[in-house]
Amino acid sequence: MILQQSPTMRLPNQAVRALEQHLSGSVIRPDDAAYDQIRQVWNRAVNRYPALIVQPAHAQDVRHAIAFARQHNLPIAVRSGGHSPAGYGTVNDGLVIDLNRMKHVDVDVTNRTATAESGLTWGEFNQATYGAGLATPGPDVAAVGLGGHTLGGGFGWLSRKHGLTVDNLLAAELVTADGAVITASGTENPDLFWALRGGGGNFGVVTSLQFTLHPLGDVTGGVLVYPATRDILRAYADAGVNAPNELTTLASVTLAPPLPFIPERHRGTPVLMMIACYDGDPAMSDGAFVAFRQLGGAQPIADTIGPVP
């Protein structure tokens, strides 16, 4: 059972109004109609009630939000996509900096880079780069936020070939606890840049990220489903070790869901569900999947592997 509670922290109206006057973005109070919807994060088991939610329009708004939180001794939670299972994008009786309005992205086709505000989801970022035939490693779920995934390291469909998301990070703009807007890169604040690449999100509020992009057209991908037996699990591990770097797979042992491509007699039974992405020569894709299509000498229950965007 999820216990319900209301914010116990009541901020002075005059102070909140003064904050609003400094912002280009918006402020959501607990008594606003949109509060209950905006305070929610992806994991509905995390049910917290911030004292205030700020939706900045740019880095200067983030500065004002941090200054307000320090003045009123409020803990801060930063939300990019809000997809953290642990609920890091929200906080009880504190201030949530919700970056959802900060979604600008600039794709430099010539230099193969993209500079993007961290309120973007990866689905939105991929839409911006896909039209140019470019991509950088991101997660396997489009709703994940750009900022949190990157600062957490970032593993996804292109990682075996191009590394983690953070390996492709060139620079980050962030607002520090004292309100300074700075850039961290290999040449500017390099120690801070080192810390951001794997140290998480506690070095400031990251407002913009610059990535290396890689050429990418359509890929070969989809789902393979097998009975979850010991022999098949061992065969999957062996096939993964020997797979080409262009092939990334993610797998889970689960009860087969009632999806259209899974025969009805197998639904609800324990299965190995493998999702795959092959980013290589399409003419070589069949060869890349040979071992995965005969795990343990068995035939898959379902096979949806084929060309996809």
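Note: the structure precedes this text.
All of these numbers come straight from a predicted model, not from anything done at the bench.

Visitor: I would appreciate a short explanation of the sheet that holds strand E1 (residues 26–28) in the present structure.
Guide: Taken together, four strands build an open sheet; the order of strands is E1-E2-E4-E3 and the sheet is mixed. Only two strands of the sheet have a single partner each, and these edge strands are E1 and strand E3 (76–79). The mean inter-strand angle of the sheet, taken between neighbouring strand axes irrespective of direction, is 20°. Those strands touched by helix H3 (residues 59–71) are strand E2 (52–55), E3 and strand E4 (95–98), and its axis lies near 170° from that of E4.

Visitor: Got a minute to help me understand the pattern of salt bridges in this structure?
Guide: When the charged atoms of two side chains lie near each other, side chains of opposite charge can form a pair. Throughout the structure, instances matching the rule amount to six salt bridges. Close ionic contact of Arg29 with Glu20 constitutes a salt bridge, the shortest N to O distance being 3.0 Å. A salt bridge links Glu124 to Lys103, with the shortest nitrogen-to-oxygen separation between them at 2.8 Å. Of the two residues, Glu124 is situated in helix H4 (residues 122–130) and Lys103 in the loop between E4 and strand E5 (105–108); the sequence distance between them amounts to 21 residues.

Visitor: Help me out: how do you make sense of the sheet that holds strand E8 (residues 169–175) in this one?
Guide: Remark on secondary structure: sheet strands pair via backbone hydrogen bonds, oriented parallel or antiparallel. Pairing in this open sheet of five strands is antiparallel, and the strands run E5-E6-E10-E8-E9 from one edge to the other. Two strands bound the open sheet, and with one partner strand each, they are E5 and strand E9 (181–185). For this sheet, the mean angle separating the axes of adjacent strands, direction not counted, is 15°. Direction of pairing for E5 relative to strand E6 (residues 113–117): antiparallel, over a ladder of four bridges. The residue bridging Asp106 from the neighbouring strand is Thr115, located in E6. Against the sheet, H4 makes contact with E5, E6 and strand E10 (205–212), and its axis sits at roughly 35° relative to E5, the strand it touches most. In this fold helix H7 (residues 190–199) packs onto E8, E9 and E10, with an angle of close to 100° to the strand it touches most, E8.

Visitor: Teacher, can you tell me more about the packing of aromatic side chains here?
Guide: Within a pair of aromatic rings, the relevant descriptors are the distance that separates the centres and the angle that separates the planes. This model, assessed by the stated rule, comprises five aromatic pairs. Both rings, one in Trp122 and one in Phe211, keep their centres 5.8 Å apart while their planes meet at 55°; by these two values the pair is tilted. Highlighted residues: Trp122 in helix H4 and Phe211 in strand E10, separated in sequence by 89 residues. For Trp122, a relative accessible area of 1% puts it in the buried group. Taken together, a centroid distance of 6.5 Å and an interplanar angle of 65° make the contact between Tyr278 and Phe289 edge-to-face. One end of the pair, Tyr278, is in strand E14 (residues 270–278); the other, Phe289, is in helix H9 (residues 285–289), and eleven residues separate them in sequence.

Visitor: I tried to follow the environment of Glu124 on my own but got confused; where do I start?
Guide: With relative accessibility at 32%, the residue Glu124 sits in the partly exposed group. Separated by 126 residues in the primary sequence, Glu124 and Leu250 place their C-alpha atoms 22 Å from one another. Ignoring sequence-local partners within four residues, the contact set of Glu124 consists of Lys103 and Gly119. A polar atom in the side chain of Glu124 sits 2.9 Å from the backbone nitrogen of Thr121.

The rules behind these values
Residues numbered from 1 in each chain as written. Predicted model: local features only at pLDDT ≥ 70, side-chain atom pairs only at ≥ 80, totals over all residues. Heavy atoms only, no water. Pairing = 2+ DSSP bridges. Helix = DSSP H or I, 4+ residues; strand = E, 2+ residues; numbered from the N terminus. Axes fitted to C-alpha atoms, helices over the stretch in contact; angles between N-to-C directions. Contact = heavy atoms within 4.5 Å. Salt bridge = Lys/Arg side-chain N within 4 Å of Asp/Glu carboxyl O. Phe/Tyr/Trp six-rings, centres within 6.5 Å; stacked < 30°, edge-to-face > 60°. Buried < 20%, exposed > 50% of the residue type's maximum accessible area, 1.4 Å probe, protein only. Polar contact = N/O pair within 3.5 Å; in protein donor to acceptor, adjacent residues only side chain to side chain.

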